[in-house]
Amino acid sequence: MTHHATAAGQAAVPAGAARPPRKTPRPPVTTRRRDSSWTPWLYLAPALVVLAGLLVYPIYQLGLISFLEYTQAQVSGGEPITFQGLGNYRTLFSDSQFRQVLLATVLFAGACVVATLAVGCALAVLLTRVRAVPRLALMLAGLGAWATPAVTGSTVWVFLFDPDFGPANRVLGLGDFSWTYGRHSAFALVLFEVVWCSFPFVMVTVYAGIRAIPGEVLEAAALDGASNWRIWRCVMAPMLRPILVVVTIQSIIWDFKVFTQIYVMTNGGGIAGQNLVLNVYAYQKAFASSQYSLGSAIGVVMLLILLAVTLVYLRLLRRQGEEI
């Protein structure tokens, strides 16, 4: 039997027999790790491109206009566009009305966030204590409130609390009391509507987190004699901290930039602008007064405030050793 010539150190292969397949050398481990590290970014690339077009470019234009003199005269071409530097920001912070609106926005948003978290977390705990039918009814009612458009919900709430035709004043025995006439009552009415359309997100998210907590932990706390409030404060809340971080930051962003509810329910900011918030104030400056550069500057200030609040909140949690 003849054999093919083989290289030194290799076994001879009979004539006509199939040669064993050659093994392809594997790339080095470092190369494979480098390739795998880029794989998630390749999947995220289409979404990142879309977000860059929808977010990054508008923010760039917002910041650019805030440094220019850009009014109706510049838009129509009657006057040239001039660079103002920080002039628009100096004009804003020297305006007493802007400072009042900024303070009112911070206080109003803070109250909305606290009320939304309290209502949402309380109802999430309630969902774990009721039977299937009441739980389903509460979930459907909450999701219905969440899915209602802001304009529709605001219009319905204005009708419910109307001094002449609304049923709320009759039930509460308030007669012809006008909720939108006074500053604090108007803010309170808007707060009720904001909480009504925002608590379902907190309720559903926290409820999902509670269901993920092992039942043995809650049973052990109950057997130790802990009250419902103590179980929530000492057991549930620490375990739900990452979820609470998400819903808190989301609520801060949503409530700080409230526009539709204020604009619809107070008819553009209330009597003599007593219920203005930053978003409505920016709208008035940019479109009602055609001072687009000042409106853009207000938008930049809002963006910086939200970024600062979010970063400070996350930094405080990281100092406490929490995983985000």
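Worth saying up front: this structure is predicted, and the values here are computed from it rather than measured. (Residues numbered from 1 in each chain as written. Predicted model: local features only at pLDDT ≥ 70, side-chain atom pairs only at ≥ 80, totals over all residues. Heavy atoms only, no water.)

Participant: Let's hear about the nonpolar core: which residues, and what values?
Facilitator: Counting residues in each nonpolar core, the largest one holds 62 residues, and the members touching the most others are Phe108, Val206 and Trp232. Sorting elements by how many residues they give to this core places helix 4 (residues 96-127) first, with 14 residues. For Val206, the residues in contact, after removing those within four places along its chain, are Cys121, Ala124, Trp232, Leu240, Ile243 and Leu244. (Core = buried A, V, L, I, M, F, W, Y, C linked by side-chain atoms within 4.5 Å. Buried < 20%, exposed > 50% of the residue type's maximum accessible area, 1.4 Å probe, protein only. Helix = DSSP H or I, 4+ residues; strand = E, 2+ residues; numbered from the N terminus. Contact = heavy atoms within 4.5 Å.)

Participant: Break down helix 4 for me, citing the residues and quoting the values.
Facilitator: When the terminal C-alpha atoms of helix 4 are compared, their 46 Å separation across 32 residues agrees well with the 46 Å that a helix rising 1.5 Å per residue should span. Two or three places before Gln97, at the opening of helix 4, Asp95 has a side-chain oxygen 3.2 Å from that residue's backbone nitrogen. (Expected span 1.5 Å × (residues − 1). Polar contact = N/O pair within 3.5 Å; in protein donor to acceptor, adjacent residues only side chain to side chain.)

Participant: Lay out the packing of helix 8 (residues 183-211) against helix 11 (residues 241-256) with the relevant residues and their values.
Facilitator: As a packed pair, helix 8 and helix 11 sit with axes 10 Å apart at the nearest point and diverge in direction by 165 degrees. In terms of their interaxial angle, helix 8 and helix 11 are classed as roughly antiparallel. You can see that helix 8 and helix 11 cross each other, and the crossing is right-handed. Within the contact between the two elements, helix 8 uses Val194, Ser198, Phe201, Val202, Thr205, Val206 and Gly209 and helix 11 uses Ile243, Leu244, Val247, Gln250, Ser251, Trp254 and Asp255. Here the contact of helix 8 with helix 11 is built from residues that sort into eight nonpolar, five polar and one charged. (Axes fitted to C-alpha atoms, helices over the stretch in contact; angles between N-to-C directions. Parallel < 35°, antiparallel > 145°, perpendicular 65-115°, else oblique. Left-handed = near helix turned anticlockwise from the far one by under 90°. Nonpolar A, V, L, I, M, F, W, Y, C, P; charged D, E, K, R; others polar.)

Participant: Help me get a handle on the layout of surface pockets, residues and values and all.
Facilitator: There is about 350 Å³ of room inside the largest pocket. Secondary-structure elements contributing two or more residues to the lining of the largest pocket are helix 4, helix 10 (228-239) and helix 11. With seven residues, helix 10 is the largest single contributor of residues to the lining of the largest pocket. Lining the second largest pocket are Pro58, Ile59, Leu62, Ile253, Lys257, Asn279, Gly295, Ser296, Gly299, Met302, Leu303 and Leu306. Elements that contribute at least two residues to the lining of the second largest pocket include exactly helix 1 (29-66) and helix 14 (292-319). At six residues, helix 14 tops the list of elements feeding residues into the lining of the second largest pocket. Across the lining of the second largest pocket, the residue classes tally to seven nonpolar, four polar and one charged. (1 Å grid on protein atoms, 1.4 Å probe; cavity = no way out; pocket = protein on both sides within 12 Å on 5 of 7 lines; lining within 4 Å. Points joined across faces, edges and corners; volume = space filled by probe spheres on them.)

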